[in-house]
Amino acid sequence: MCMAPADSLLLLHEAREVADALLGDVLRLPVAKALDVGTAAGMDRAVALLAARLRRAVGRADVDAMREAVAVLDVDWRKTTAAQRRRLVAQSLEAAGRRTAVIPSRIQAPLGDAADEVVASTRSHARREQGLALAARFNAMDRRVAQHIVRTQGNFVRDEYGRRLDAFGAEARRLVAEGLEAGLARSDIADSLERAARGALIERAPFYWETVAASFIGQGRSFAQVSSYAEAGIRRYRIEAVLDEATTQVCRFLHGKTFSVGEALQRFERVESLERPEDVKQELPWVRERLDADTGRALLYVKRGGQETRLAEVLRSAAGTRDDVGEFRALASDRQLADAGVGFPPYHGLCRTTTLAVT
């Protein structure tokens, strides 16, 4: 049997958990079970494990949704009216939607377990590596953090599948119209619709769950770090990027920037009160990069409410190198960075950047 690397890692991890249980419960030997999301390697491992758990929880829902959608659309389109074609596409989306509707509920359990693991690992790392005076048990904010990231990630996933179905619906209508105009046979139109459904519902799934896992763990870690800093009486923290060949310009620029713990707590409370994923994205936008048409240099910016806020211009890129942040011309102060919503990671998909207490 051939498995993806993350799925193989999950199998090994579960085998280790069984072995640990035997050592601890049967032989009464101490074992260390927790992942350490405070390190780059631990973060990578945690993301891979959670992505595999999410894929397992979802099971065949993506495949079932594709098949349901394609089955409804397998008709002789030449014998349909425009109104019937619109209705068939709508029925196809409804059929697929019934299958994908189970996905947010299926991922609640693995996300809930992961949330507790992330918060516990973050607190443990802060005590062990940063020497912060923290209680052994979760505080009230830690529990709020765990509940928040599970709820909001479920909302993000629900929205994502809604967007995928909407995009497939638009593509299906286009393919049918163009197929009829070109005089394509029923089988040819059916093949094109199946490819479109597969692209929208299946082919994006493996990388999508890695992105979900990285965002979930990264945000949970940041919120839990802020909670730990507040409990330990820390007033400021700094951004700490992993400076290797894969580090983005975004994280290189933000490396070393310092922010207020109190203001980070206030931002969490604002985010915690939001229900719609789009509102959360506005409060905590990811940093984007594009070339400036006038200078030809890379610009780092965020977009909120339709408005662009420029953060920095890249003067010398260090992309692809280790231990070098490069050179930037800051276009925003640390105060303005915080106001723009980039006071703590993640800053982009698969972001590994973390924070450290300023003592």
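We now turn to the structure provided with this report. (Residues numbered from 1 in each chain as written. Predicted model: local features only at pLDDT ≥ 70, side-chain atom pairs only at ≥ 80, totals over all residues. Heavy atoms only, no water.)

**Quick word on the overall build of the protein**
Then, in step 1: Counting secondary structure elements, the protein contains 13 helices and 7 strands.
Then, in step 2: C-alpha atoms of the protein, sized along the principal axes, occupy 75 × 65 × 40 Å.
Then, in step 3: Going through the 359 residues of the protein one by one, you find that 47% of them count as buried.
Then, in step 4: Partitioning the intrachain contacts of the protein with sequence separation of at least 6 by distance along the chain shows that 70% fall at a separation of at least 24.
Then, in step 5: Of the accessible surface of the protein, which amounts to about 17,600 Å², a share of 52% is contributed by carbon and sulfur atoms.
Then, in step 6: Across the protein, the 54 positively charged side chains and the 50 negatively charged ones have centroids separated by 2 Å. (Helix = DSSP H or I, 4+ residues; strand = E, 2+ residues; numbered from the N terminus. Buried < 20%, exposed > 50% of the residue type's maximum accessible area, 1.4 Å probe, protein only. Contact = heavy atoms within 4.5 Å. Areas by Shrake-Rupley, 256 points an atom, 1.4 Å probe, with all protein chains shown as cover. Lys, Arg positive; Asp, Glu negative; His and termini not counted. Charge placed at Lys NZ, Arg CZ, Asp CG, Glu CD.)

**Digging into the pairing of strand β3 (residues 288-291)**
Each regular strand shows side chains that alternate between the opposite faces of the sheet.
Then, in step 1: Here 4 bridges tie β3 to strand β4 (residues 298-304), and the two strands are oriented antiparallel to one another. Residue pairing in the sheet places E289 in a bridge with L300 of β4.
Then, in step 2: Linking β3 to β4, which pair antiparallel, is a turn of 6 residues; within it G296 sits at a positive phi near 80 degrees. (Pairing = 2+ DSSP bridges.)

**Some details on the sheet that holds strand β1 (residues 236-240)**
Then, in step 1: Spatial ordering of the open sheet is given by β2-β1-β7, a layout of 3 strands whose pairing is antiparallel. Taken across any chain shown, the strands that pair with only one partner, and hence form the sheet edges, are β2 (258-260) and β7 (354-358). Adjacent strand axes in the sheet meet at a mean angle of 35 degrees when their direction is disregarded.
Then, in step 2: Where β1 and β7 come together, 5 bridges link them in antiparallel fashion. Bridge pairing in β7 links I239 to T355. (Axes fitted to C-alpha atoms, helices over the stretch in contact; angles between N-to-C directions.)

**Description of the packing of aromatic side chains**
Then, in step 1: For the structure shown, the criterion picks out 7 aromatic pairs.
Then, in step 2: Seen in terms of ring centroids, F223 and F268 are 4.8 Å apart; in terms of plane orientation they differ by 65 degrees. Their pairing is edge-to-face. Residue F223 is located in helix α9 (residues 205-231), and its partner F268 is located in helix α11 (residues 261-272); the two are separated by 45 residues in the primary sequence. F268 carries the same exposure label as F223, and that label is buried.
Then, in step 3: Among the aromatic residues, ring-to-ring pairing joins Y161, Y208 and W209 into one connected group.
Then, in step 4: The lysine or arginine in question, R164, covers the ring of Y208, its NZ or CZ lying 4.7 Å from the ring centre.
Then, in step 5: K257 extends its terminal NZ or CZ atom over the ring of F253, reaching a point 4.2 Å from the ring centre. (Phe/Tyr/Trp six-rings, centres within 6.5 Å; stacked < 30°, edge-to-face > 60°. Lys NZ or Arg CZ within 6 Å of the ring centre and 35° of its normal.)

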